[in-house]
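One letter stands for each residue in the lines below.
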Amino acid sequence: MGCCGSTERTKREWKPLEDRSCTDLPWFLLFTVFCVGMGSICGFTIATGGAGRLVFGYDSYGNTCGQRNEQIEGVRLSGLDQTDKKYVFFLDPCNIDIVERKIKSMALCVSLCPDEELKTYQDLKRFAMHNGSELCSYELAGHKYPGLPERFDKCPKLPVPPSKSLPVFNRCTPVDISCYAKFAEAVVMFVSDNSVLHRLIGGVMASKEIIVGLCLLALVLSMILMVIIRYISAVLVWILTAMVVLGSLGELITCLLALLPTAETTETKDVLLVYAIAATVFTVILLLLMLFMRKRVALTIALFHVAGKVFIHLPLLTLQPFCTFLALLLFWMYWGLVLLFLGTTGNPVQNEETGLTEFRLTGPLQYMTWYHAVGLIWISEFILACQQMTVAGAVVTYYYTRDKTRLPVTPILSSVLRLMRYHLGTVAKGSFIITLVKIPRLFLMYVHNQLKGKENACARCMLKTCICCLWCLEKCLNYLNQNAYAATAINSTSFCTSARDAFVILVENALRVAAINAVGDFVLFLGKILIVTSTAFAGVLLLNYQRDYAEWVLPLIIVCLFAFLVAHCFLSIFEIVVDVLFLCFAIDTKYNDGTPGKEFYMDKALMVIYVKIWYTGGILLKWEIKCVSILDKNINATCKVLVPCFMS
């Protein structure tokens, strides 16, 4: 059932970019309600003071620093007026719980952070008298610090390091971060010497301009490769094919030579004979597959060629990764900030181990954290799905516009507006399905990490098997969803209808799909490797001016990781374009035959491949070659020339 007063056609009639109507409206409403719930969690944390406690900080008695406080029942020294005490001071700032990722120390609100090292209790007294900032617990008088018996438990650990307040969060942080070496070693496992950590960080800081330049180089290389890959795809594909075949033949010849009369034992010869037989079977199967799949490989090359032309006609597609990354970054920042708010929201609870007051969500409110965690996955997948739908809509517009000079001025913007007006429900439904698969996988990964070293071999094997199966299912659903979005962009059908139609098309073209995914993915992988190696080579040349290898190995690693990430983002867009083009091509060849009223929409490059390989059964006569050679640039003219020739 459609929406906006329309109903979906019971009989499938592919009418590209026609009869546009809303799809999956209930899912759009459900997603809207879910997002309102996410916003309500943020509002709740602000209204209950969690956001204020995070920003301004609070002491171990539940008092928020820098403001008046109300008395908390059962908590002594709560309800104090801390208007003049704006900074949070930890008595033992280096006592860090790495597992819980928090400081296990009493916290106090102070009016001034100590800017010099305080070695004795006399120094604490002098600092309190001169600056009016008492660094011991509130019930202790500053002028009595040196003689109080409670000073060992309720005063800071000596010596007190000099500290400065953070710009926003008003925490007194030690100037010398060497006391956090244990925490740094836990995060950076390969660092066992604090001096090495300092040298690595120093190398990054000294090379920051070079790092930025190399990252921009990776960005430019990725954008260039997306255009020129149309020219090098054929070379890469056939080189790959030749290398695989020659490698298989080499293994076979090596095994046969080893079976010649030598000093080898009988057992060794038997093993070599089995290996030779296996290599022979593999080589024969591989050669047959290459012979049988040559048409599909040619189609893959043609699709890569047309995809390159798509990026020339739609250059704004190259900006799509930036928009998606920016949207994800903003959402992740918001999500992380609200998660921190939740960490300081709730009812005051006294920690039995430390005796300090903490704020925790209790009762039904504790499920807000789980709701917030689900929101991270669903909304992130929703943003990625919006990218897929936007790219699919633009490519569909390109494919089904016969005269490319009449393309819309901004196909990308038109696709975005079409998505926002009609298909947000479809995107919400598809992303929710991915979320349903991803949550159990992440939960099993969490269980596996928690039980590491405790579970038996059978349980470990079962957990890894389940995680692997869910990962495979997620990848398959991602691929099906992507094609469902393309079908929706073409025909404006609901998610389930589009997924079913796309699945039928893909099954009918299973061999073509296998060839495109196998060959295409490998070519794109080679493209990623090319970008990473080129960036790394440039990095070695630039960073080689720094003689000490330990100083620039980390910058080079950072640059390589960034280059791979950028290449993956851009070439993933290229992969989506290729997949959408193939779906359009499959639909075009299924429902059109080139006759009047059923003219092909495909590009000339695809037309040539289709005519040469499928339309004539792979046999070209001289008069057919002549017809192919007079192809006109105009696709309509192409169809009018081809049909009389090849149907005669």
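Okay, so let's go over this structure. (Residues numbered from 1 in each chain as written. Predicted model: local features only at pLDDT ≥ 70, side-chain atom pairs only at ≥ 80, totals over all residues. Heavy atoms only, no water.)

## Overview of the packing of helix α1 (residues 25-47) against helix α12 (residues 411-450)
Worth spelling out the cut-off: Here an angle of 0 to 180 degrees is reported between the N-to-C directions of two axes, which are lines fitted to C-alpha atoms, with helices fitted over the stretch in contact. Each helix corresponds to a stretch of at least 4 residues labelled H or I by DSSP, and each strand to a stretch of at least 2 residues labelled E; elements are numbered beginning at the N terminus. These descriptions rest on fixed angle ranges, namely under 35 degrees for roughly parallel, over 145 for roughly antiparallel, 65 to 115 for roughly perpendicular, and the rest for oblique. Note on convention: near helix rotated counterclockwise from far helix by under a right angle means a left-handed crossing. Clockwise means right-handed. Contacts are assigned to residue pairs that have any heavy atoms within 4.5 Å of one another. Only Asp, Glu, Lys and Arg are considered charged in this grouping, and only Ala, Val, Leu, Ile, Met, Phe, Trp, Tyr, Cys and Pro are considered nonpolar; every other residue, Gly among them, is considered polar.
For the pair α1 and α12, the least separation of the axes is 7 Å and the interaxial angle reads 70°. Taken together, α1 and α12 sit at an angle that is classed as roughly perpendicular. Judged by the twist between their axes, the crossing of α1 over α12 is left-handed. Along its contact with α1, which presents Trp27, Phe28 and Phe31, the element α12 presents Leu424, Gly425, Ala428, Lys429 and Phe432. In terms of residue class, the contact of α1 with α12 is made up of six nonpolar, one polar and one charged.

## Notes on the packing of aromatic side chains
We apply this condition: For this analysis, a ring pair means two rings from Phe, Tyr or Trp (six-membered ring only for Trp) whose centres lie within 6.5 Å, classed as stacked if their planes differ by under 30 degrees, edge-to-face if by over 60, and tilted for the remaining angles. Relative accessibility thresholds used throughout: buried, under 20% of the residue-type maximum; exposed, over 50%; partly exposed, between the two (1.4 Å probe, protein chains only).
Enumeration over the complete set of coordinates arrives at 15 aromatic pairs. With a centroid separation of 5.3 Å and 45° between ring planes, the pair formed by Trp27 and Phe432 is classed as tilted. With Trp27 in helix α1 and Phe432 in helix α12, the pair connects residues that are 405 residues apart, well separated along the chain. On the accessibility criterion, Phe432 (23% relative accessible area) is partly exposed.

## Some words on the pattern of salt bridges
Stated formally: Salt bridges are defined as contacts in which a side-chain nitrogen from Lys or Arg sits within 4 Å of a carboxyl oxygen from Asp or Glu.
Tallied over the entire structure, the rule returns nine salt bridges. As a salt-bridge pair, Arg68 and Asp81 come within 3.4 Å of each other at their nearest N and O atoms. Residue Arg68 is located in the loop between α2 (50-56) and β1 (87-90), and its partner Asp81 is located in the loop between α2 and β1; the two are separated by 13 residues in the primary sequence. Residue class for Arg68 comes out exposed when judged on its relative accessible area of 65%. Residue Asp81 is classed as partly exposed on the basis of its relative accessible area, which comes to 42%. Between Glu474 and Arg441 there is a salt bridge, with the nearest N and O atoms lying 3.0 Å from each other. Taken together, the positions of Glu474 in helix α13 (residues 457-491) and Arg441 in helix α12 put the pair 33 residues apart, joining distant regions of the chain. Summarising the burial analysis for this pair, Glu474 and Arg441 share the class buried. One continuous salt-bridge network, built from bridges that share partners, spans Glu381, Lys438, Arg441 and Glu474.

## Details of unusual backbone geometry
Cis geometry marks the peptide bond from Leu158 to Pro159, where omega comes out at -5°. Tracing the backbone shows Pro159 in the loop between α4 (151-154) and β5 (163-165). At Asp24, a position not held by glycine, the phi torsion is positive, near 55°. Examined against the element boundaries, Asp24 turns out to sit in the segment before α1.

## Considering the state of the cysteines
Let me state the cut-off plainly: Pairs of cysteine sulfur atoms within 2.5 Å are what we label disulfides.
As enumerated under the stated definition, the model contains three disulfides in all. Here Cys65 is linked by a disulfide to Cys109, with a sulfur-sulfur distance of 1.9 Å. Measuring the twist about the S-S bond at about -85°, one finds the Cys65-Cys109 disulfide to be left-handed. With Cys65 in the loop between α2 and β1 and Cys109 in strand β4 (residues 107-110), this pair connects stretches of sequence that are 44 residues apart. Under the relative-accessibility criterion, Cys65 is labelled buried at 1%. Judged by relative accessible area, Cys109 falls into the buried class, the value being 1%. Between Cys113 and Cys172 runs a disulfide, and the two sulfur atoms are separated by 1.9 Å. Taking the sign of the S-S torsion, about -75° here, the bridge from Cys113 to Cys172 comes out left-handed. One end of the pair, Cys113, is in the loop between β4 and α3 (121-131); the other, Cys172, is in strand β6 (residues 172-174), and 59 residues separate them in sequence. The exposure classification of Cys113 matches that of Cys172, with both residues buried.

## Considering α13
Here is the rule we go by: Multiplying 1.5 Å by the helix residue count minus one yields the expected span of that helix.
In this model, α13 (35 residues) spans 51 Å end to end at C-alpha, consistent with the 51 Å of a helix rising 1.5 Å per residue. Looking one or two residues past α13, Ser492 carries a phi angle of roughly 55°, positive in sign.

## Let's talk about the environment of Leu140
Mapped onto the elements, Leu140 comes out in the loop between α3 and α4. Since its relative accessible area comes to 5%, Leu140 is described here as buried. Measuring from C-alpha to C-alpha, the distance between Leu140 and Arg151 comes to 8.4 Å, with 11 residues separating the pair along the chain. Apart from residues lying up to four places away in sequence, Leu140 is in contact with Glu134, Tyr145, Leu148, Glu150, Lys154 and Cys155.

## Thoughts on empty space enclosed by the protein
Put simply, the test is: A pocket, in this scheme, is an open set of points on a 1 Å grid over the protein atoms alone with protein on both sides within 12 Å along at least 5 of 7 lines, while a cavity is a set where a 1.4 Å probe fits but cannot get out; residues line either one if an atom lies within 4 Å of a point. Grid points are joined across faces, edges and corners, and a volume is the space filled by probe spheres set on the points.
One pass over the full model with this rule turns up three cavities of 30 Å³ or more. The volume enclosed by the largest cavity comes to roughly 50 Å³. Taken together, Phe304, Ile516, Asn517, Gly520, Asp521, Leu524, Glu575, Val578 and Asp579 make up the full set of residues lining the largest cavity. Contributions of two or more residues to the lining of the largest cavity are made by α15 (510-543) and α16 (549-591). Examining the composition of the lining of the largest cavity, we find that five residues originate from one element, α15, more than from any other. Here the lining of the largest cavity is composed, by residue class, of four nonpolar, two polar and three charged.

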